[in-house]
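The lines below spell out each chain.
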Amino acid sequence: MKDQISALMDDELALESSEYVFTAAKADGELSECWATYHLIGDAMRGNPVFKLDFKQRLMQELESEPTVLAPRTKKPFIKTPALWSIAASVAAVLFVSWMVLQQQVETGNDIAPVEIAQNLPSEYLLAHQALAPTNSAYYIQPVGYSESGN
Amino acid sequence: MKRVLLACLLACQLSFAFAGQDAVDDPWLVLQKAARAARELSYKGVFVYQAGPNAKAVQITHMNYGQGEYAHVVVLDGSPREALSQGSDVVIFSPRNEKVIIEKRHGKNLFPALLPANMDVIKLCYQARIGGQERIGGRDGQVVFLNPRDRYRYGYKFWADREYGLLLKSVTINARNEPMEQMAFNQLTLLNTQNMDWFHPDVDPDKDYIMEETAPTDSTLAVDDWTVSQLPAGFRKIDQVTRMVPGKSAPVTHLVFSDGLAAVSLFIEPLSKGMRPKTGHTTMGATNFYAAIVDGHQIMVVGEVPETTVSQIASAVSFKK
């Protein structure tokens, strides 16, 4: 198996069997260690100094010692991200279309502009609902604002 | 003295009978027992009602010694509202500034009597599943989940007292598994007295008591030029009134639909001059509102159901040309 790993690294293994070796190397602790060791040996032989055994620890240390930049990145305005602009454009388009649809509904209904109930809770209907609908444990526990609005 | 003793004996027997039934495996039996217990037992307790940012402690005294149900409900937090009920007739006393308004209502399905006596209605719309055991307010509770079979209603999680059967806690859950409304006993005791001293409102002699006038229902007002078709599955019409409302020139028709647990109101009224039409959707706690204008009529749907249900009921209304 170790031979096969070596062969895979040297690009001498057939494409069909390389997937199996890869999976095996990932699944087996000993084989993955073997994979890492062979790479380390290879790096050492090529004189590549980065891939030492404690590479991960050193990298983390470097990251730790890196100063954290807290200043806002004013020099990179978000205009540079075109995705954001396209999202904003689609949101605006959707808003415009829904506004148009609402406007049309209004025109067919009445001349006076309708009230959006989201802005003005129809509490008189809520009270009527609570007075007649049987399944309503809230009806005797109305928030003060609603009982007072019935004045 | 004899009667009190008899009552004690009866109460004991009742609780034994309830405890004896090994109904823990069947969730529907647990719920059936909870529905019966809430109406047949005599109990006193304090529960907390919670919906969104609102939480209120409520004291309930409920008595039933074979002569019907009597209950006294007092809101302990905030404005001291209280309600006295006999059978399904409820009288509510709510202080408002210098006055106390007395309202008469039909009340049913109030916690802990949330569940209808007839389970068949809700079996069509919900699936029941037995859960674990949890302690609520010092009592051992059996968890029962009631999951909606479709997206037209909320789900429920109930805790039923393992001894008395009574609901100890109830949580309404939406499709995202978020609690919408919750009621839970902090303390609960069974009563074994027939003393009815508690059955009166806490009258404040310094205030005027005013009976709220409800406009009489007039069947001649009903001009049924509309039809409601294609209601969300399981919802049936349980009430309909048409009445004149102060400040409105045309009568308002109010229909109530229910699936056995959740209730939705539908209001239909012709748009008259000077009336600002309402449109759109909004939510307050578990209650969803949907307003639309159809053929010169204001349609308003209000109910403790998901948004899909209120909008579907609104779109089910059509007018005869």
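In the block above lies the structure referred to throughout.
The structure displayed is predicted, hence computed values, not measured ones. (Residues numbered from 1 in each chain as written. Chains lettered and ligands numbered in written order. Predicted model: local features only at pLDDT ≥ 70, side-chain atom pairs only at ≥ 80, totals over all residues.)

### Notes on the overall build of chain B
Filter applied, for reference: Helix numbering and strand numbering both begin at the N terminus, where a helix is a DSSP run of H or I of at least 4 residues and a strand a DSSP run of E of at least 2. Buried residues are those with 20 or more other C-beta atoms within 10 Å of their own C-beta, exposed residues have 12 or fewer, and partly exposed residues lie in between; C-beta atoms are placed from the backbone. Any two residues are considered in contact once their C-beta atoms, placed from the backbone, lie within 7 Å.
Helices and strands together make up the secondary structure of chain B, namely four helices and 20 strands. Sorting the 321 residues of chain B into buried and exposed places 38% on the buried side. Nonlocal contacts in chain B, meaning residues at least 24 apart in sequence, comprise 50% of its contacts between residues at least 6 apart.

### Description of the overall build of chain A
Across its full length, chain A holds seven helices and one strand. A burial count over chain A gives 13% of its 151 residues as buried. For chain A, the share of sequence-separated contacts (at least 6 apart) that also reach a separation of at least 24 residues comes to 26%.

### Quick notes on the sheet that holds strand S1 (residues 115–116) of chain A
Worth spelling out the cut-off: The criterion for strand pairing is that DSSP finds at least two bridges linking the strands in question. Angular values range over 0 to 180 degrees, each being the angle between N-to-C directions of two axes fitted as lines to C-alpha atoms, with helices fitted over their stretch in contact.
Here seven strands make up an open sheet; going across it, the order is S1(A)-S17(B)-S18(B)-S19(B)-S16(B)-S15(B)-S14(B) and the pairing mixed. Strands at the two margins of the open sheet, each flanked by one partner only, are S1 of chain A together with strand S14 (236–243) of chain B. Where S1 of chain A lies against strand S17 (residues 278–284) of chain B, two bridges are found, and the strand directions are parallel. Bridging from a neighbouring strand, Glu116 of chain A pairs with Thr279 of chain B of S17 of chain B. The strands that helix H4 (residues 307–315) of chain B touches are strand S15 (252–258), strand S16 (263–270), S17, strand S18 (287–294) and strand S19 (297–303) of chain B; relative to S18 of chain B, the one it contacts most, it runs at about 25°.

### Some thoughts on the packing of helix H2 (residues 15–27) of chain A against helix H3 (residues 29–46) of chain A
All names here are of chain A. So the rule is basically this: Here roughly perpendicular refers to angles of 65 to 115 degrees, roughly parallel to angles under 35, roughly antiparallel to angles over 145, and oblique to all remaining angles. Only Asp, Glu, Lys and Arg are considered charged in this grouping, and only Ala, Val, Leu, Ile, Met, Phe, Trp, Tyr, Cys and Pro are considered nonpolar; every other residue, Gly among them, is considered polar.
Between H2 and H3, the shortest axis-to-axis distance is 5 Å and the interhelical angle comes to 105°. One element, H2, and the other, H3, form an angle in the roughly perpendicular class. In this structure, H2 contributes Ala24, Ala25 and Lys26 to the contact, and H3 contributes Leu31, Ser32 and Trp35. Split into classes, the residues belonging to the contact of H2 with H3 amount to four nonpolar, one polar and one charged.

### Comments concerning the sheet that holds strand S2 (residues 54–63) of chain B
Residues and elements named next belong to chain B. Taken together, 12 strands build an open sheet; the order of strands is S7-S8-S9-S10-S11-S1-S2-S3-S4-S5-S6-S12 and the sheet is mixed. If you trace the sheet from one side to the other, it starts and ends with strand S7 (126–136) and strand S12 (208–211), each paired once. For this sheet, the mean angle separating the axes of adjacent strands, direction not counted, is 20°. Examined bridge by bridge, strand S1 (residues 43–51) and S2 share nine bridges and lie antiparallel to one another. Within S2, the residue paired with Tyr49 across the bridge is Lys56.

### Re the nonpolar core
Residues and elements named next belong to chain B. Convention followed: By our criterion, buried Ala, Val, Leu, Ile, Met, Phe, Trp, Tyr and Cys residues that link up through C-beta atoms within 7 Å make up a nonpolar core.
Residues Ala34, Phe158, Ala160, Leu166, Leu167, Val264 and Val301 are the most contacted members of the largest nonpolar core, which totals 77 residues. Among the elements that take part in this core, helix H2 (residues 27–40) stands out by supplying six residues, more than any other. Leaving out residues up to four positions away in the same chain, Val264 has contacts with Phe235, Phe257, Val301, Gly303, Val305, Thr309, Val310 and Ile313.

### With respect to the pairing of S15 of chain B
All names here are of chain B. By the criterion of burial, S15 is predominantly enclosed, with seven of the seven residues buried. Burial of S15 is two-sided: the residues Val252, His254, Val256 and Ser258 facing one way and the residues Thr253, Leu255 and Phe257 facing the other way are all buried. Note that S14 and S15 share seven bridges and pair antiparallel. Paired with Arg236 across the strands is Ser258, a residue of S15. Note that S15 and S16 share six bridges and pair antiparallel. Looking across to S16, one finds that Leu255 is bridged to Leu266. Connecting the antiparallel pair S15 and S16 is a turn made up of four residues, with Gly260 showing a positive phi of about 105°.

### A short note on the packing of helix H1 (residues 2–9) of chain A against H2 of chain A
Residues and elements named next belong to chain A. Definition in use: With the far helix as reference, a near helix turned anticlockwise by less than a right angle produces a left-handed crossing, and one turned clockwise produces a right-handed crossing.
In the contact formed by H1 and H2, the axes pass within 10 Å of each other and the chain directions differ by 115°. When the axes of H1 and H2 are compared, the crossing they make is left-handed. Residues Gln4, Ile5 and Leu8 of H1 touch H2, and the partners they reach there are Ser18, Val21 and Ala25.

### Comments concerning the pairing of strand S11 (residues 179–190) of chain B
As a general feature of sheets, a regular strand has side chains that alternate between the two faces. Residue and element names in this part refer to chain B. Pairing analysis gives eight bridges linking S1 to S11, with the strands arranged antiparallel. Following the sheet pairing, Tyr49 is matched in S11 by Met183. As judged from the five bridges shared by strand S10 (residues 167–173) and S11, these two strands associate in the antiparallel manner. What sits directly across from Val171, in S11, is Gln182. If you look at the hairpin formed by S10 and S11, you'll find five residues sitting between the two strands, and Asn177 has a positive phi there, around 65°.

### Points about the environment of Pro148 of chain B
Residue and element names in this part refer to chain B. Looking at the secondary structure, you find Pro148 in strand S8 (residues 139–148). Residue classification places Pro148 among the buried positions, given that 22 C-beta atoms sit within 10 Å. Spatially, the C-alpha atoms of Pro148 and Lys123 are 9.7 Å apart, while their sequence positions differ by 25 residues. Not counting residues up to four positions away in its chain, the partners in contact with Pro148 are Cys125, Tyr126, Arg153, Tyr154 and Gly155.

### So, the environment of Gln182 of chain B
All names here are of chain B. When you line up the elements, Gln182 lands in strand S11. When the 20 C-beta atoms within 10 Å are taken as the criterion, Gln182 is described as buried. For the pair Gln182 and Lys169, spaced 13 residues apart in sequence, the C-alpha to C-alpha distance is 7.4 Å. Ignoring sequence-local partners within four residues, the contact set of Gln182 consists of Gln50 and Val171.

### Here we look at unusual backbone geometry
For residues that are not glycine, phi is negative in most cases, and the peptide bond is trans in most cases. Residue and element names in this part refer to chain B. Of note, Gln230 is a non-glycine position whose phi angle comes to about 60°, a positive value. Here Gln230 is to be found in the loop between strand S13 (226–228) and S14. What makes Gln230 exposed here is the crowd of 10 C-beta atoms within 10 Å. Look at Asp295: it is not a glycine, yet its phi comes out positive at around 45°. Mapped onto the elements of the fold, Asp295 is located in the loop between S18 and S19. Of the residues examined, Asp295 has 16 C-beta atoms within 10 Å and is grouped as partly exposed.

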